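Listed below, chain by chain, are the residues.
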Amino acid sequence: MCWAELVTIQGMFTLAEVASLNDIQPTYRILKPWWDVFMDYLAVVMLMVAIFAGTMQLTKDQVVCLPVLPSSVNSKAHTPPGSADVTTNIPKMESATDQDQDGRMTNEISFGASAVTPDIPLRATYPHTDSTVPNQEAKKEKKDPAGRKTNLDFQQYVFINQMCYHLALPWYSKYFPYLALIHTIILMVSSNFWFKYPKTCSKVEHFVSILGKCFESPWTTKALSETACEDSEENKQRITGAQTLPKHVSTSSDEGSPSASTPMISKTGFKFSAEKPVIEVPSMTILDKKDGEQAKALFEKVRKFRAHVEDSDLIYKLYVVQTVIKTAKFIFILCYTANFVNAISFEHVCKPKVEHLTGYEVFECTHNMAYMLKKLLISYISIICVYGFICLYTLFWLFRIPLKEYSFEKVREESSFSDIPDVKNDFAFLLHMVDQYDQLYSKRFGVFLSEVSENKLREISLNHEWTFEKLRQHVSRNAQDKQELHLFMLSGVPDAVFDLTDLDVLKLELIPEAKIPAKISQMTNLEELHLCHCPAKVEQTAFSFLRDHLRCLHVKFTDVAEIPAWVYLLKNLRELYLIGNLNSENNKMIGLESLRELRHLKILHVKSNLTKVPSNITDVAPHLTRLVVHNDGTKLLVLNSLKKMMNVAELELQNCELERIPHAIFSLSNLQELDLKSNNIRTIEEIISFQHLKRLTCLKLWHNKIVTIPPSITHVKNLESLYFSNNKLESLPVAVFSLQKLRCLDVSYNNISMIPIEIGLLQNLQHLHITGNKVDVLPKQLFKCIKLRTLNLGQNCITSLPEKIGQLSQLTQLELKGNCLDRLPAQLGQCRLLKKSGLVVEDHLFDTLPLEVKEALNQDINIPFANGI
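Labelled according to an unreviewed UniProt entry, the protein appears under the name Volume-regulated anion channel subunit LRRC8D, originating from Lipotes vexillifer. The UniProt entry for the protein carries the following comment under Subunit (unreviewed entry): "Heterohexamer; oligomerizes with other LRRC8 proteins (LRRC8A, LRRC8B, LRRC8C and/or LRRC8E) to form a heterohexamer. In vivo, the subunit composition may depend primarily on expression levels, and heterooligomeric channels containing various proportions of the different LRRC8 proteins may coexist." Quoted verbatim from the Sequence similarities (unreviewed entry) field of UniProt, the annotation for the protein is "Belongs to the LRRC8 family."

This is how it looks when you write it as structure tokens:
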């Protein structure tokens with residue numbers, strides 16, 4: 001029966017199954033410091049002690065009891081030490097001899113009782129198992145017993161033994177194996193709970209996964225191979241490893257020194273070393289494309305993991321709590337267990353109160369497992385003490401240093417990555433745990449926290465991807481017939497760009513880590529640079545080159561801080577375009593006070609949301625010839641600074657919510673062109689003041705709300721171009737046609753219904769735009785303007801085109817589409833320079849022309865004649 005129970009229990013609760021509570025994933029072992037590992041082994045030993053004690057208890061644990069005879073109470077003190085065994089055995093023999101008449105029954109009872117008290121029946125049955133013993137000798141032995149007679153049979157002994165096992169033995173002797181097993185399981189669960197708790201398990205698993213990839217990444221080996229503080233033995237090992245992995249490990253001795261192609265302008269000034277202006281790229285700098293992509297992904301994973309884990313300290317708190325629980329458990333076990341060590345003894349007195357069944361009141365019992373249990377208990381207490389002292393050491397380590405802060409100071413000192421940030425909370429705690437396993441893990445992990453390392457990886461991958469041949473394919477010709485290269489959304493500027501020595505225009509857009517090295521001095525043709533959301537950094541040599549050679553610079557930004565400081569030091573710059581947010585509060589931040597260094601600046605273009613023209617702009621006023629302010633609809637209030645710009649020839653104030661022409665403009669004696677497009681100007685009575693601007697030749701008041709043109713416009717006699725399109729004009733005053741120098745008149749998209757006959761006075765008129773009005777008749781005097789080259793009459797109500805159109809021999813552009821014409825005059829053929837590409841008309845109207853006229857319009861322009869014109 002006992003062996004069956006043991007097999008059943010082992011089948012339900014094996015040592016391997018219990019030990020699995022202490023098991024973790026192999027990858028988690030890097031987060032197990034030595035004390036956790038040691039405590040795990042101690043827990044396994046305690047588990048084995050508990051199971052061994054339980055096994056012994058199930059198989060051999062018993063008590064043997066004998067009644068205390070009344071006559072022996074007084075003589076107990078005089079009983080020799082060995083008399084107890086004699087007294088115990090004699091009744092058993094007598095009870096056995098009483099069954100002597102049926103020996104088979106005696107044997108069955110004896111073996112049946114052995115399952116509970118195996119020693120008693122064996123001793124009792126020995127006299128009966130030998131069939132050769134004469135009956136007379138047995139009787140003689142019965143008559144002369146060696147012990148004292150008790151008059152108890154075998155069943156009564158079994159009953160008393162079971163009763164006294166439960167009554168006389170201390171409870172701890174019976175339940176010690178089970179308590180030890182339960183305590184051990186609790187300690188095992190407490191040791192690894194932080195690995196399996198749902199809210200921390202995912203973080204730990206993610207961290208271990210990233211840490212392993214960072215440790216094995218070829219980029220980590222590459223980055224650490226450039227460390228300046230490693231000993232020669234480590235360098236030899238690295239070189240040896242590089243022979244087997246040439247793509248991932250650097251073998252160049254020069255790679256430990258910083259590259260001279262990377263110095264940048266800092267807030268404190270320029271840093272530059274000209275000892276090695278061009279460094280040959282070692283073989284290690286070209287990573288495998290797959291390895292490079294994996295390293296990029298790791299940087300992103302590390303960045304996201306840090307942001308996720310640094311916000312809380314749950315892992316740290318959970319580890320502290322489980323350590324406190326183990327320590328409290330140790331104290332509890334030690335306190336109550338130590339009291340029971342002396343309670344375990346071999347002899348016990350039992351008073352089961354069964355005198356009515358046995359005739360005896362007191363029994364003296366022996367516990368055969370007492371000595372073994374006592375030894376196991378002492379061993380268990382010793383292990384628990386060691387376990388507890390380790391728990392106390394763990395608590396000391398947890399509170400000795402701030403584990404929620406982790407500094408990479410040592411790594412920064414030993415490596416070239418001085419920007420590795422310190423971390424905190426759970427991220428810091430995990431790194432502290434890893435350091436207890438191997439500090440090389442955190443050292444390699446720190447490489448992926450460094451922006452310098454990430455930028456260097458991007459630079460290597462970028463140069464590997466963007467070769468000279470690929471960049472050459474992206475070079476194009478712009479509208480000015482200049483060679484232009486536009487780079488968009490790259491991680492940096494490829495080195496091969498600076499080998500395109502014939503490049504005229506370089507556009508860098510959305511490249512946050514753009515660096516301009518000294519190699520740009522090779523681009524002798526470069527005169528124009530565009531920085532669109534690209535706060536580029538330059539070396540000293542590169543800056544010197546740009547300062548002397550750059551003529552045009554475009555800077556587009558979101559925040560004013562994106563404007564590089566070196567922009568305001570380009571003394572030979574001719575054109576500066578600033579496009580971005582420059583509200584009034586940040587005007588002082590613009591750095592326009594530094595424009596005084598731009599002594600050769602001629603054109604300043606500001607597209608922003610200014611509320612006033614900055615007073616500091618007057619520092620460059622003597623040099624400016626063109627000022628452009630494009631607002632985003634913000635009202636421009638203060639314009640007094642314009643008065644100081646005496647040399648400005650072109651002024652544009654677009655979308656500035658102006659309601660009248662600013663008086664400050666009338667002081668600009670050298671003004672030649674004024675553009676007030678997209679404002680809220682309703683009246684222009686001040687236009688008479690333009691008579692003092694003798695050089696004003698172009699006036700653009702388009703896209704406003706002007707209703708009438710005052711007659712005083714006749715005083716602005718030097719006007720050559722007049723733009724009033726997209727206003728609310730209903731008529732053209734005769735005064736406009738007194739401007740004899742007028743060459744271009746644009747009154748498109750108004751409400752004009754009639755063209756005055758005085759238009760014939762404009763003998764120098766070359767371009768007339770009346771598209772989008774309500775004109776229905778063309779006066780004959782219009783065709784006296786024989787110098788007309790462009791005549792746009794579309795979207796009107798014109799019903800017929802006069803035959804005198806043939807007098808416009810220099811006409812090259814004629815728009816008639818959107819009118820009420822039913823045919824075109826054949827005299828269009830007399831317009832020798834007009835071709836079909838310049839004739840904007842419906843197809844059915846073009847078909848009404850004679851065949852020879854259509855053929856003439858389809859012919860190419862006579863080049864010599866056109867050149868003569």
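Anyway, onward from the coordinates.
A few words on the overall build of the protein. Within the protein one finds 26 helices and 24 strands. Burial analysis of the protein (869 residues in total) assigns 47% to the buried set. A sequence separation of at least 24 residues applies to 58% of the contacts in the protein between residues at least 6 apart. In the form shown here, the protein has an accessible surface area of approximately 42800 Å², with 54% of it arising from carbon and sulfur atoms.

So, on to the environment of valine 320. As for its position among the elements, valine 320 is in helix H15 (residues 314-338). A relative accessible area of 12% places valine 320 in the buried class. C-alpha separation for the pair valine 320 and leucine 395, spaced 75 residues apart in sequence, amounts to 7.5 Å. Apart from residues no more than four positions distant in its own chain, valine 320 is found in contact with Leu398 and Phe399.

Moving on, we come to the environment of leucine 782. By secondary structure assignment, the location of leucine 782 is in the loop between strand E21 (767-769) and strand E22 (790-792). Residue leucine 782 is classed as buried on the basis of its relative accessible area, which comes to 0%. The spatial distance from the C-alpha of leucine 782 to the C-alpha of glycine 760 is 5.3 Å, given a sequence separation of 22 residues. When near neighbours in sequence (up to four residues on either side) are disregarded, leucine 782 contacts Ile759, Leu768, Leu788 and Leu791.

Glancing now at the packing of helix H11 (residues 198-216) against H15. Between H11 and H15, whose axes approach to 10 Å, the crossing angle comes to 115 degrees. For the pair H11 and H15, the crossing hand works out as left-handed. Note on element contacts: H15 touches H11 through Leu314, Ile315 and Leu318, opposite Lys199, Thr200, Lys203 and Val204.

Let's shift gears to the sheet that holds strand E3 (residues 363-367). Taken in spatial order, the three strands of this open sheet run E1-E3-E2, and their pairing is antiparallel. Only two strands of the sheet have a single partner each, and these edge strands are strand E1 (63-67) and strand E2 (347-350). The sheet shows a mean angle of 25 degrees between the axes of neighbouring strands, taken without regard to direction. Alignment of E1 against E3, held across five bridges, turns out to be antiparallel.

A word on a nonpolar patch on the surface. Together, Trp34, Val37, Phe38, Tyr41, Val386, Tyr393 and Phe396 give the surface a local cluster of nonpolar side chains, amounting to about 690 Å² of exposed area. Secondary structure elements with two or more residues in the nonpolar patch: helix H3 (34-60) and helix H17 (370-400). Here the element with the most residues in the nonpolar patch is H3; it accounts for four residues. Examined against the element boundaries, valine 386 turns out to sit in helix H17.

Turning our eyes to something else, we now look at the pattern of salt bridges. Opposite charge on two side chains permits pairing when their charged atoms draw close. All told, the structure shown has 19 salt bridges when counted by the stated rule. In this structure, glutamate 300 and arginine 303 form a salt bridge, with 2.5 Å as the shortest nitrogen-oxygen distance. Here arginine 303 and glutamate 300 lie together in helix H14 (residues 289-309), a separation of three residues that amounts to about one turn. By relative accessible area, which is 35% here, arginine 303 ends up partly exposed. Across the pair lysine 507 and glutamate 484 runs a salt bridge, and its minimum N-O distance is 3.4 Å. One end of the pair, lysine 507, is in strand E8 (residues 505-509); the other, glutamate 484, is in strand E7 (residues 483-488), with 23 residues separating them in the sequence. Judged by relative accessible area, glutamate 484 falls into the buried class, the value being 13%. When salt bridges with common partners are traced through the structure, they connect Glu300, Arg303 and Glu454 into a single cluster.

Rules and cut-offs
- Residues numbered from 1 in each chain as written.
- Predicted model: local features only at pLDDT ≥ 70, side-chain atom pairs only at ≥ 80, totals over all residues.
- Heavy atoms only, no water.
- UniProt positions renumbered as here; feature names shortened; annotations may be inferred.
- Helix = DSSP H or I, 4+ residues; strand = E, 2+ residues; numbered from the N terminus.
- Buried < 20%, exposed > 50% of the residue type's maximum accessible area, 1.4 Å probe, protein only.
- Contact = heavy atoms within 4.5 Å.
- Areas by Shrake-Rupley, 256 points an atom, 1.4 Å probe, with all protein chains shown as cover.
- Axes fitted to C-alpha atoms, helices over the stretch in contact; angles between N-to-C directions.
- Left-handed = near helix turned anticlockwise from the far one by under 90°.
- Pairing = 2+ DSSP bridges.
- Patch = residues over 30% accessible without salt bridge, like charges linked within 9 Å, V, L, I, M, F, W, Y side chains within 5 Å.
- Salt bridge = Lys/Arg side-chain N within 4 Å of Asp/Glu carboxyl O.

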